Amino acid sequence: MNILFKIHLPLLLLSSFVYQSSCCQVSVYDDFEAPKLGKLWASDRFAPGTVEIQSAITRKGHGAVRISLKAGDVFEKGLGTNHDSERDELREATELVSKEGLLYEYAFSMYLPEDFVIVPTRLVIAQWKQFCPEGAACSDDSPVMALRYESGKLRITLQTDSGQDTLFQTNGELRGKWLDFKFRIRFSRGDNGKIEGWMGEKQVVNYRGITGYSEKRGYAAQSRFYFKMGLYRDVMPEPMSIYIDEYSKKQVVE
């Protein structure tokens, strides 16, 4: 049964989102105006007390999420030659994951404080992961697509069987201001894959081609892809905080 839930509860103040079940076309929005996270987000990728809706720094309205990562949060042992990692991230609810072959549009705003520490090692602030079946060899693969902030440089990367490519890079100072991102993505293991990306009003990515790992790495024949944003990094002692606001995701009908 196709059901559309549109929730505007008094306790949520100006916060609203549209939620659709997995059988239906996805269209969701969260302005983080509620006093706590809504049902769009799973809580298994952040430690208790690390995600807070606050009003001191916002993109729009009176609320935005602050994610504060400290050493040891949601620790994960690296497999093989991969490094150990730690994270505090918002993961989209399971019902909202993307299906291979369909086109989706994501938009969100991020703010790195002026004193955000610059590190030379792995730091991912947003990522799209291909779902790997439990126990398969692909369990520690890098995200198919990621926003990486390393050594003061922002990179948008794509990783498939053939390795990692940088689709966009900027060395400009990004701290102390809101960064508005929008992406249109079709995940596919064929030539019809697509990534279009904007940073502010400027289009920075226009890619056509393979946008997923193949079955030979252990993935399902028809894959699913899930989105996360926040702080994911190699293990280090420095604390970090990032702010997120104005998130939306919708399936684009072509």
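This text gives an overview of the structure that appears in the document. The model shown is predicted, which means the values in this text are computed figures rather than measured ones.

**Considering the overall build of the protein chain**
Phase 1: A tally of regular secondary structure across the protein chain gives zero helices and 18 strands.
Phase 2: For the protein chain, with 254 residues in total, the buried portion stands at 51%.
Phase 3: In the protein chain, once contacts between residues fewer than 6 apart in sequence are set aside, the share between residues at least 24 apart is 63%.
Phase 4: Summed over all atoms, the accessible surface of the protein chain reaches about 12,000 Å², with 51% contributed by carbon and sulfur.

**Some thoughts on the state of the cysteines**
Phase 1: With the rule as written, the count across this model stands at one disulfide.
Phase 2: Between the sulfur atoms of Cys132 and its disulfide partner Cys138 the distance amounts to 2.0 Å. Here Cys132 and Cys138 share a disulfide; its torsion about the S-S bond, 95 degrees, makes the bridge right-handed.
Phase 3: Classification of Cys138 as buried rests on a relative accessible area of 2%.

**Observations regarding the environment of Ser223**
Phase 1: Within the element layout of this structure, Ser223 appears in the loop between strand 16 (202-208) and strand 17 (224-234).
Phase 2: In this structure the C-alpha to C-alpha distance between Ser223 and Lys99, which are 124 residues apart in sequence, comes to 6.5 Å.
Phase 3: Discounting residues that sit within four places of it in the chain, Ser223 has contacts with Ser98, Lys99, Glu100, Gln130 and Arg189.
Phase 4: A distance of 3.4 Å separates a polar atom in the side chain of Ser223 from the backbone oxygen of Ala220.

**A few points about the nonpolar core**
Phase 1: Residues Phe108, Trp128 and Met229 are the most contacted members of the largest nonpolar core, which totals 56 residues.
Phase 2: Among all residues touching Trp128, those that are not within four sequence positions of it are Tyr106, Phe108, Pro143, Val144, Met145, Leu147, Phe183, Ile185, Phe187, Tyr226 and Phe227.

**Focus on the pairing of strand 15 (residues 194-199)**
Phase 1: When you tally the buried positions in strand 15, you get six out of six residues, the bulk of the element.
Phase 2: Bridge analysis of strand 14 (residues 178-186) against strand 15 gives six bridges, and the strand direction is antiparallel. The residue bridging Phe181 from the neighbouring strand is Met199, located in strand 15.
Phase 3: When strand 15 meets strand 16, the two strands line up antiparallel, connected through six bridges. Note that in strand 16 the partner of Trp198 across the bridge is Gln203.
Phase 4: Counted between consecutive antiparallel strands, the loop separating strand 15 from strand 16 contains two residues, among which Gly200 sits at a positive phi close to 65 degrees.

Reading guide: rules and limits
Residues numbered from 1 in each chain as written. Predicted model: local features only at pLDDT ≥ 70, side-chain atom pairs only at ≥ 80, totals over all residues. Heavy atoms only, no water. Helix = DSSP H or I, 4+ residues; strand = E, 2+ residues; numbered from the N terminus. Buried < 20%, exposed > 50% of the residue type's maximum accessible area, 1.4 Å probe, protein only. Contact = heavy atoms within 4.5 Å. Areas by Shrake-Rupley, 256 points an atom, 1.4 Å probe, with all protein chains shown as cover. Disulfide = S-S within 2.5 Å. Polar contact = N/O pair within 3.5 Å; in protein donor to acceptor, adjacent residues only side chain to side chain. Core = buried A, V, L, I, M, F, W, Y, C linked by side-chain atoms within 4.5 Å. Pairing = 2+ DSSP bridges.

Read these as geometric descriptors, not functional statements.
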